[in-house]
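Fold and geometry: a report
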Amino acid sequence: MGMFDPIKGFGVTFGMMFKKVATEEYPEAGAPAAPRYHGRHQLNRHPDGLEKCVGCELCAWACPADAIFVEGGDNTEEARYSPGERYGADYQINYLRCIGCGLCVEACPTRSLTMINFYELADDDRQRLIYTKEDLLAPLLPGMEQPPHPMRLGENEQDYYVNGPELARQPAEPKEPVK
């Protein structure tokens, strides 16, 4: 330690007093994540509001941490939730177990399951970290209708899955409200 080291230290302190403080207001104002960050899962919808999940359980089989539970249900003509024969009646992801590997997204044959860049997945209650289907479903956009309802974009599921990219580009027609 030299004789002028304390003076150098005071100089550093004095120099820092006039710099702009870099404080983040994190809980009140969240920091944006990188656009390709993989955070929370989302169950996607078709342009008419029907769910893309067909309840095949491949995501649950692909999960190495056993964090996904899927129970499929059968669609009927009176209650249709997806264009296929089945839909995900009960869907849960346990974020206490999820390791965020993305194998479930890779295993999904209908591109129903994706990961969005929402990253706040911490809580002090363990039960709130088990996300249910209602938590994971994508929000209804304008022109979408809350299922159950009949297929609006075609006669069968081939129209939805084969012509899906074309349907997504078309603007949705406004639907009459259900009376």
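In this report, we go over the structure that sits alongside the text. Since the structure is predicted, the reported quantities are computational estimates derived from the model, not experimental observations.

1. A closer look at the environment of Leu113
Tracing the chain through its elements places Leu113 in strand E4 (residues 113-115). In sequence terms Leu113 and Gly102 are 11 residues apart; their C-alpha atoms lie 9.7 Å from each other. Contacts of Leu113, omitting those with residues within four sequence positions, involve His41, Gln42, Leu43, Cys59, Tyr91, Cys104, Val105 and Cys108.

2. Brief notes about the pairing of strand E3 (residues 86-94)
The pairing of strand E2 (residues 68-74) with E3 spans 7 bridges and is antiparallel. The residue of E3 that forms the bridge with Ile68 is Ile93. Note: E3 against strand E5 (residues 130-131), 2 bridges, orientation antiparallel. When the sheet's bridge partners are listed, Ile93 is paired in E5 with Tyr131.

3. Side note on the environment of Phe10
Along the chain, Phe10 turns up in helix H1 (residues 5-16). Placed 50 residues apart in sequence, Phe10 and Ala60 show a C-alpha to C-alpha distance of 59 Å.

4. Notes on H1
Between its first and last C-alpha atoms H1 spans 17 Å; for 12 residues at 1.5 Å apiece the expected length is 16 Å, and the two agree. A small share of H1 lies buried, amounting to 0 of its 12 residues.

5. Description of a nonpolar patch on the surface
A cluster of nonpolar side chains, contributed by Met3, Phe4 and Ile7, occupies part of the molecular surface with about 390 Å² of accessible area. Note that Phe4 resides in the segment before H1.

6. Focus: the packing of aromatic side chains
If you walk through the whole model with that rule in mind, you get 3 aromatic pairs. Between the aromatic rings of Phe14 and Phe18, the centroid separation amounts to 5.2 Å while the plane-to-plane angle is 80°, which identifies the pairing as edge-to-face. With relative accessibility at 63%, the residue Phe18 sits in the exposed group. Both rings, one in Tyr95 and one in Tyr131, keep their centres 4.9 Å apart while their planes meet at 80°; by these two values the pair is edge-to-face. One end of the pair, Tyr95, is in the loop between E3 and helix H3 (103-107); the other, Tyr131, is in strand E5, with 36 residues separating them in the sequence. Taken individually, Tyr95 and Tyr131 each receive the classification buried, so the pair is uniform in this respect. Its guanidinium or amino end placed over the ring of Tyr81, Lys133 lies 5.6 Å from that ring's centre, counting from NZ or CZ.

Conventions adopted
- Residues numbered from 1 in each chain as written.
- Predicted model: local features only at pLDDT ≥ 70, side-chain atom pairs only at ≥ 80, totals over all residues.
- Heavy atoms only, no water.
- Helix = DSSP H or I, 4+ residues; strand = E, 2+ residues; numbered from the N terminus.
- Contact = heavy atoms within 4.5 Å.
- Pairing = 2+ DSSP bridges.
- Expected span 1.5 Å × (residues − 1).
- Buried < 20%, exposed > 50% of the residue type's maximum accessible area, 1.4 Å probe, protein only.
- Patch = residues over 30% accessible without salt bridge, like charges linked within 9 Å, V, L, I, M, F, W, Y side chains within 5 Å.
- Areas by Shrake-Rupley, 256 points an atom, 1.4 Å probe, with all protein chains shown as cover.
- Salt bridge = Lys/Arg side-chain N within 4 Å of Asp/Glu carboxyl O.
- Phe/Tyr/Trp six-rings, centres within 6.5 Å; stacked < 30°, edge-to-face > 60°.
- Lys NZ or Arg CZ within 6 Å of the ring centre and 35° of its normal.

The analysis is restricted to geometry; functional conclusions fall outside its scope.
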